[in-house]
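One letter stands for each residue in the lines below.
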Amino acid sequence: MSTGHDTVVAPAAAPRTATGRLVEDVVLGARIGAMRAGGYVLALRGDRVARLLHKPWRLDPYPVYAELRAAQRTTGPARSRTGLTAAATHASVEAVLRDRRLGVRLSDGASRLGEGDGPSLMEPVDLSLLTLDPPDHTRLRRLAQPAFAPRRLAHYREVAERVTAELLDAALARGGPFDLVTELASPLPIKVISALLDVPDVDSARFARWGLALGTSLDGVRSPSHVRELTRATEDLRVLFGELLEQRRAHPGEDVISTLAGAVEGGTATPDEVLALAQLLLVAGFETTTNLIGNAVQAMHRTPGQWAALVADPSLAAAAVEETLRYDPPVQLTARFAHEDVEVGGLRLRRDSGVLVLLASANRDPDVHPDPDRFDLHREQTAPHLAFSGGAHYCLGAPLARLEGEVALRLLAERAPRLRPAGNPVPRVATVLRGPLHLPVTA
Ligand code: HEM
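An unreviewed UniProt entry lists the chain under the name Cytochrome P450, from Klenkia brasiliensis.

What follows is the structure, given as structure tokens:
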């Protein structure tokens, strides 16, 4: 989900001495700094795409999206000095996502990772499906699909309801203000994904820590120490997943790791591929769902009458989830690369050029969503929102995310009807992911 723009490859591993690491850090730090500084200068000069990557604009990107949509309609799509073209209207975003002449890799199948050269600053962790085109993508996606079958979802609903009730009981029993993110929105998806992968209780705390660390990689890399943290978490997870795969190979269950272990046995996937897939399932469902719950509560508190409407009728929780996904989606954007010279959705793209796909902008397009800047639980959804992307990479976990969001909001409305803000939220400083890092509330 990282934008993949301006891909810079980290230096090949230096000897792991203290001096080697220091040199590596300095070089890496300088590259990150240079990327940031270069982008910031473009942003100051009015490059709207660059603005999406920098403060203060990225704290509220919606006015920038509106400008990009308006410009796309009048003078054509924005071509940024960052090298990217932006798809900002609903029609162009949908067209790009559905067009098989574009993919997440370059036309020769090369990844933007700079294979073999170490981690990229923008994509330091192997995110499996998100970085693969057909046929590998199709083959591996099939392996993960059974994890989201209706029968499995019924089981996750039980887990989500039990966990939400426990977390809320604990937060409310203490009395006084609490942080909705750290006390509910963050731990809930962690526990549900642990159930999905059937991670034993003894491992779940470490699992959660590594998952949270890797989740930050969806937004690219911030610093050398961030790269080190990601590398450590990846290595630790490899060991844990390696053990789990071995155990499920010997004693298969109904969980997704057992399916993956079977695929390695049957020769449909390599051990590295299934490790990356397991890692993706862990990462993709953490902070995304956390942000969904945080953004929903924030939107309802900020828009008069909306929280009261949910309290009066908690069965509106599913509608609240859909309206949040449209109005303030947890994943704001993604990227694609043209595999040939193409014209798509009014955009002209040269082979191997990148397009920034602004999902959140499409969701506020007045051509398809009347009065798009208004959050309204009773809105008639006139067009599908694109919060879960579209085409080949449509979010595999969408039914699970909807379920978790619905359970969390419904139980909140039922058990904490007087829920209200208790301080200023702390926003996540990120471009791809959007949501509060801390959301103080009181019941
Ligand atoms: C509100 C929560 C969520 C949002 C907004 C979200 C959003 C997205 C988006 C936008 C993509 C596609 C990115 C692209 O087109 O490049 C995606 C892919 C994916 N998501 Fe989600 N997601 C959420 C929750 C989850 C959950 C709970 C899981 C599973 C545990 C999950 C698993 C995946 C997987 C495996 C993919 C890769 C699909 C592919 O590339 O074929 N997501 N998600």
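K.L.:
Report on the overall build of the chain, specifying residues and quantitative values.
P.N.:
Counting its regular elements, the chain contains 17 helices and eleven strands. Looking at the chain residue by residue over its 443 residues, the buried ones come to 56%. Element-wise, carbon and sulfur atoms account for 54% of the exposed surface of the chain, whose accessible area totals about 18700 Å².

K.L.:
Would you mind going over the packing of aromatic side chains in detail, with residue names and values included?
P.N.:
As enumerated under the stated definition, the model contains three aromatic pairs in all. Aromatic pair Tyr-62 and Tyr-65: ring centres 5.5 Å apart, planes at 80°, arrangement edge-to-face. Pair noted here: Tyr-62 and Tyr-65 are both in helix α3 (residues 62–74), with a separation of three residues, about one helical turn. Judged by its relative accessible area of 10%, Tyr-62 falls in the buried class. Of the residues examined, Tyr-65 reaches a relative accessible area of 1% and is grouped as buried. Taken together, a centroid distance of 6.2 Å and an interplanar angle of 70° make the contact between Phe-388 and Tyr-394 edge-to-face. Of the residues examined, Tyr-394 reaches a relative accessible area of 31% and is grouped as partly exposed. For the cation-ring pair, Arg-364 lies above Tyr-62, with the distance from its terminal atom to the ring centre recorded as 3.8 Å. The residue whose ring lies beneath Arg-364 is Tyr-327, and the NZ or CZ to ring-centre distance is 4.2 Å.

K.L.:
Pulling in residues and values, what's your account of the site of the ligand?
P.N.:
Residues in contact with the ligand amount to 28 residues; listed here are only the nearest, His-137, Thr-334, Ser-389, His-393 and Cys-395. Arg-336 places a side-chain nitrogen or oxygen 2.7 Å from an oxygen atom of the ligand. Separating an oxygen atom of the ligand from a side-chain N or O atom of His-393 is a distance of 2.7 Å. Taken together, the elements giving at least two residues each to the shell around the ligand come down to α5 (136–144), α12 (271–284), α13 (287–302), β4 (334–338) and α17 (398–415). By residue class, the composition of the shell around the ligand is 18 nonpolar, eight polar and two charged.

K.L.:
Before we move on, could you go through the coordination of the iron atom of the ligand and cite the residues and values that matter?
P.N.:
When only protein atoms are considered, the iron atom of the ligand has one donor, Cys-395 (SG), at a distance of 2.3 Å. On the secondary structure map, Cys-395 appears in the loop between α16 (359–362) and α17.

K.L.:
Describe the sheet that holds strand β1 (residues 84–87), naming the residues involved and giving the relevant values.
P.N.:
An order of β1-β7-β4-β2 is seen for the four strands of this open sheet, with the pairing classed as mixed. Each edge of the open sheet carries a strand with a single partner, namely β1 and β2 (102–103). Contacting β1, β2, β4 and β7 (354–357), helix α4 (residues 90–98) crosses the sheet at an angle of about 125° to β7.

K.L.:
With reference to specific residues and values, describe the pattern of salt bridges.
P.N.:
Oppositely charged side chains can pair when the atoms bearing their charge come close. Tallied over the full model, the rule gives 29 salt bridges. Residue Glu-273 is joined to Arg-139 by a salt bridge in which the shortest nitrogen-to-oxygen separation is 2.8 Å. Residue Glu-273 is found in helix α12, and its partner Arg-139 is found in helix α5; the two are separated by 134 residues along the sequence. The salt bridge involving Arg-151 is made with Glu-254; its shortest N-O contact spans 3.0 Å.

K.L.:
Hey, could you go over the confidence of the model for the chain for me, with residue numbers and the actual values?
P.N.:
Here the chain shows a mean pLDDT of 86. Residues at 70 or above account for 88%. This model gives residues 2–16 a pLDDT under 50, and the stretch forms 47 contacts once residues within four places in sequence are excluded. Confidence drops under a pLDDT of 50 for residues 113–120, and excluding neighbours within four residues, the segment shows 20 contacts in the predicted structure.

K.L.:
Quick one: what's the story with the environment of Phe-207, residue by residue and with numbers?
P.N.:
Here Phe-207 lies in helix α9 (residues 201–215). Sequence separation of Phe-207 and Lys-191 is 16 residues, and the distance between their C-alpha atoms is 9.9 Å. In contact with Phe-207, not counting residues within four places along its chain, are Ser-194, Leu-197, Val-199, Leu-237, Leu-240, Phe-241 and Leu-282.

K.L.:
Describe the pairing of β1, with residues and values.
P.N.:
Of the two faces of β1, the one carrying Leu-84 and Ala-86 and the one carrying Thr-85 and Ala-87 are both buried. As paired elements, β1 and β7 share four bridges and run parallel to each other. The partner of Ala-87 across the bridge, within β7, is Val-357.

K.L.:
Summarise the pairing of β7; cite the residues concerned and give the values.
P.N.:
The alternating pattern of β7 places Gly-354 and Leu-356 and Val-355 and Val-357 on opposite faces, both of which are buried. With four bridges joining them, β4 and β7 adopt antiparallel strand pairing. Each bridged residue has a counterpart across the sheet, and for Thr-334 the counterpart in β7 is Val-357.

K.L.:
Give me the side chain of Glu-404: which residues, what numbers.
P.N.:
Within the secondary structure layout, Glu-404 lies in helix α17. The side chain of Glu-404 sits in the buried core without any salt bridge; Arg-157 is the nearest counter-charge, 11 Å away. When neighbours within four sequence positions are excluded, Glu-404 is seen to be in contact with Leu-188, Pro-189, Val-192 and Thr-289.

K.L.:
Go over the environment of Ala-318 with me, naming the residues and quoting the values.
P.N.:
Examined against the element boundaries, Ala-318 turns out to sit in helix α15 (residues 317–327). Assessed through its relative accessible area of 38%, Ala-318 is described here as partly exposed. Taking the C-alpha atoms as reference points, Ala-318 and Gly-405, separated by 87 residues in sequence, lie 7.7 Å from one another.

K.L.:
Before we move on, could you go through the sheet that holds strand β11 (residues 440–442) and cite the residues and values that matter?
P.N.:
Taking strand neighbours across the sheet as the criterion, the three strands line up as β3-β11-β8 in an open arrangement whose pairing is antiparallel. Each end of this open sheet is capped by a strand with a single partner; those strands are β3 (178–179) and β8 (420–421).

K.L.:
If you had to explain the packing of helix α6 (residues 150–173) against helix α8 (residues 187–197) to someone new, which residues and values would you point to?
P.N.:
Two numbers describe how α6 lies on α8: the axes approach to 9 Å, and their chain directions differ by 145°. Classified by chirality, the crossing of α8 by α6 is right-handed. Side by side, α6 and α8 meet where Arg-152, His-155, Tyr-156, Val-159, Ala-160, Val-163, Thr-164 and Leu-167 of the first sit next to Pro-187, Leu-188, Lys-191, Val-192, Ala-195 and Leu-196 of the second. Residue classes in the contact of α6 with α8 are distributed as ten nonpolar, two polar and two charged.

About the criteria used
Residues numbered from 1 in each chain as written. Predicted model: local features only at pLDDT ≥ 70, side-chain atom pairs only at ≥ 80, totals over all residues. Heavy atoms only, no water. Helix = DSSP H or I, 4+ residues; strand = E, 2+ residues; numbered from the N terminus. Buried < 20%, exposed > 50% of the residue type's maximum accessible area, 1.4 Å probe, protein only. Areas by Shrake-Rupley, 256 points an atom, 1.4 Å probe, with all protein chains shown as cover. Phe/Tyr/Trp six-rings, centres within 6.5 Å; stacked < 30°, edge-to-face > 60°. Lys NZ or Arg CZ within 6 Å of the ring centre and 35° of its normal. Near = heavy atom within 4 Å. Polar contact = N/O pair within 3.5 Å; in protein donor to acceptor, adjacent residues only side chain to side chain. Nonpolar A, V, L, I, M, F, W, Y, C, P; charged D, E, K, R; others polar. Donors = N, O, S within 2.8 Å, 3.2 Å for Na, K, Ca; no water. Pairing = 2+ DSSP bridges. Contact = heavy atoms within 4.5 Å. Axes fitted to C-alpha atoms, helices over the stretch in contact; angles between N-to-C directions. Salt bridge = Lys/Arg side-chain N within 4 Å of Asp/Glu carboxyl O. pLDDT = per-residue confidence, 0-100. Lys, Arg positive; Asp, Glu negative; His and termini not counted. Left-handed = near helix turned anticlockwise from the far one by under 90°.

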